[in-house]
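Architecture and fold: a report
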Amino acid sequence: MTTFDNPPSFEGIASEKWDLHKGKDILPMWVADMDYAAPPSVLDALAQRIGRGVLGYTNLSPEYKQAVAGWMSRRHGWQAQPEWVRFCPGVVVSLSVIVRACTQPGDAVVIQPPVYPPFRSVVEDNGRELVLNPLLRGEDGRYEVNFAELEKRLAEERVKLLILCSPHNPVGRVWSREELLRLAELCARHGVLVASDEIHADLAYERFVPFASISEEAAALALICTSPSKTFNIAGMNTSNMIIPNPQLRAAVTAELKRGALASLSALGHAAVLGAYNGGEEWLEEALAYIRGNQQYLAQELRRSAPEISASVPEGTYLLWLDCRGLGLAEPELHRFFLEKARIQLSPGSSFGEGGSGFMRLNAACSRATAEEAARRIAAAVQELRASR
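Quick notes on the rules
Residues numbered from 1 in each chain as written. Predicted model: local features only at pLDDT ≥ 70, side-chain atom pairs only at ≥ 80, totals over all residues. Heavy atoms only, no water. Buried < 20%, exposed > 50% of the residue type's maximum accessible area, 1.4 Å probe, protein only. Helix = DSSP H or I, 4+ residues; strand = E, 2+ residues; numbered from the N terminus. Pairing = 2+ DSSP bridges. Right-handed = clockwise from strand over helix to strand, strands pointing away. Phe/Tyr/Trp six-rings, centres within 6.5 Å; stacked < 30°, edge-to-face > 60°. Contact = heavy atoms within 4.5 Å. Salt bridge = Lys/Arg side-chain N within 4 Å of Asp/Glu carboxyl O. Axes fitted to C-alpha atoms, helices over the stretch in contact; angles between N-to-C directions. Parallel < 35°, antiparallel > 145°, perpendicular 65-115°, else oblique. Left-handed = near helix turned anticlockwise from the far one by under 90°. Disulfide = S-S within 2.5 Å.

**Re the pairing of strand β7 (residues 159-165)**
- When you tally the buried positions in β7, you get six out of seven residues, the bulk of the element.
- Of the strand pairs in this sheet, β7 and strand β8 (residues 193-197) are connected by five bridges, and their pairing is parallel. Across the sheet, residue L161 finds its bridge partner in β8, namely L193.
- With helix α7 (residues 177-189) bridging β7 and the parallel β8, this β-α-β connection has right-handed handedness.

Here it is, written out as structure tokens:
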């Protein structure tokens, strides 16, 4: 039995994930955080900082920037420089900052649905035009970039920025070097910047390639958004980083951070990042193996007991993108089916935009017991649905 088999208690801590249906027999498998305690290296770093009794204003120290750059080098083979690092309270906030810093009102921004819902809001809420380049889904369930359509969108005069999700949430693709090179060449040709949300980078089961690492051309137009929050289950620390090789882009983002008074981090967030990046790698390897087992188990069980629902094991992320179209349920009915019949809270695929209807997103970063109970509940609900027809 591993530590991942025994989740901590979520009672009384204002957990967004667990409090939504507090007191009800509903499994929360929606919000993208883990059901696991943070790594010992993080908890030890926090305890040491609290033990000092000093929780005042905290600088973005050289040690912090070196920890971020060192992790990128060791984990992903990218020689990012510490001076390229800029702190921000969250990746969504980072994307909003980039939109404001690197585009003007009325400019257009490309996103690739079905994709993380805030991608849409950071564009529209900042007065920019949203341009869609929907992913293509093959018969085998594998998603690809529609490059022919993308080039048409990038050629539009008002398009100034593309927000890339790498690895992709919710479909679980880890984009290959060849795909990223092709995307970078198109963006460079049309003078379009790339904000790459790489928050799930450390959760890739295949080798992850940072967008800015693939070529000098890509680095010149790249603004990389990353965070230890998904990797080490410390989203509540509100720490993320932008890594920006291009000095002009870095200066523009730095100025926008100053305008928004967003550049200061918490004492505990600082400690957590150092603990995570300097001592959390062994824990991460164990967590990835455990989550991979959950994903494989769930995909296999659904294939066996609920073939109306298909799930491919993703190349990255701790999510499962469930194709539920075989159930023959309209969108509102599909959400109610999982919530009321299966008694599981998932994320509706429709919230991820075009291409998401008929799908649901499941978070598999849970105990094996929770995964097994989820499989049982889904199978029973599907059996009941069959019997009612």
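**Some words on the packing of aromatic side chains**
- Scanning all chains against the criterion turns up 15 aromatic pairs.
- The interplanar angle of 35° and the centroid separation of 6.2 Å between the aromatic rings of F232 and W283 together place this pair among those described as tilted. Pair noted here: F232 is in helix α9 (residues 229-232) and W283 is in helix α12 (residues 281-305), with a separation of 51 residues, a long-range link.
- Plain terms: the ring middles of W321 and F359 are 5.1 Å apart, the flat faces sit at 10° to each other, and that makes the pair stacked. Of this pair, W321 sits in strand β12 (residues 319-323) while F359 sits in strand β15 (residues 359-363), and the two are 38 residues apart along the sequence. In this structure, W321 and F359 share a single accessibility class: buried.
- Feature note: the residues F4, Y36, W71, F232, Y277, W283 and Y290 constitute an aromatic cluster, connected by ring pairs.

**As for helix α13 (residues 331-341)**
- Within α13, the full set of buried residues consists of L334, F337, F338 and L339.
- In this structure, the buried side of α13 is in contact with β13 (344-345), β15 and α14 (368-387).
- Following α13 by one or two positions, R343 adopts a phi angle in the positive range, close to 60°.

**Quick look at the sheet that holds strand β14 (residues 347-348)**
- As summarised here, the arrangement of the four strands in space is β11-β12-β15-β14, forming an open sheet in which the pairing is antiparallel. Pairing within the sheet leaves two strands with one partner each, and these edge strands are β11 (310-311) and β14.
- The pairing of β11 with β12 spans two bridges and is classified as antiparallel. Bridged to S310 within β12 is D323.

**Brief notes about the pattern of salt bridges**
- Taken as a whole and judged by the stated rule, the model has 26 salt bridges.
- The partner of E144 in a salt bridge is R142, and the shortest N-O contact between them spans 3.0 Å.
- The partly exposed category is assigned to E144, whose relative accessible area is 29%.
- Across the pair E144 and R173 runs a salt bridge, and its minimum N-O distance is 3.6 Å. Taken as a pair, E144 in strand β6 (residues 143-144) and R173 in the loop between β7 and α7 lie far apart in primary sequence, 29 residues in all.
- Relative accessible area serves as the criterion here: at 4%, R173 is assigned to the buried category.
- Taken together, the salt bridges that share partners define one network made up of D25, R343, E373, R376 and R377.

**Details of the packing of helix α3 (residues 62-76) against α12**
- At a closest axis distance of 13 Å, the pairing of α3 and α12 adopts a crossing angle of 50°. By the angle between their directions, the pair α3 and α12 is classed as oblique. Seen along the crossing, α3 lies across α12 with a hand that is right-handed. Contacts from W71, R74 and R75 in α3 reach E281, L284, E285 and L288 in α12.

**Quick look at the state of the cysteines**
- Evaluated as defined, the whole model comprises zero disulfides.
- C225 supplies the cysteine sulfur nearest to C165, a cysteine that is in no disulfide, at a spacing of 11 Å.
- Summary of cysteine pairing: C187 is not part of a disulfide, and the nearest cysteine sulfur, belonging to C102, is at 13 Å.

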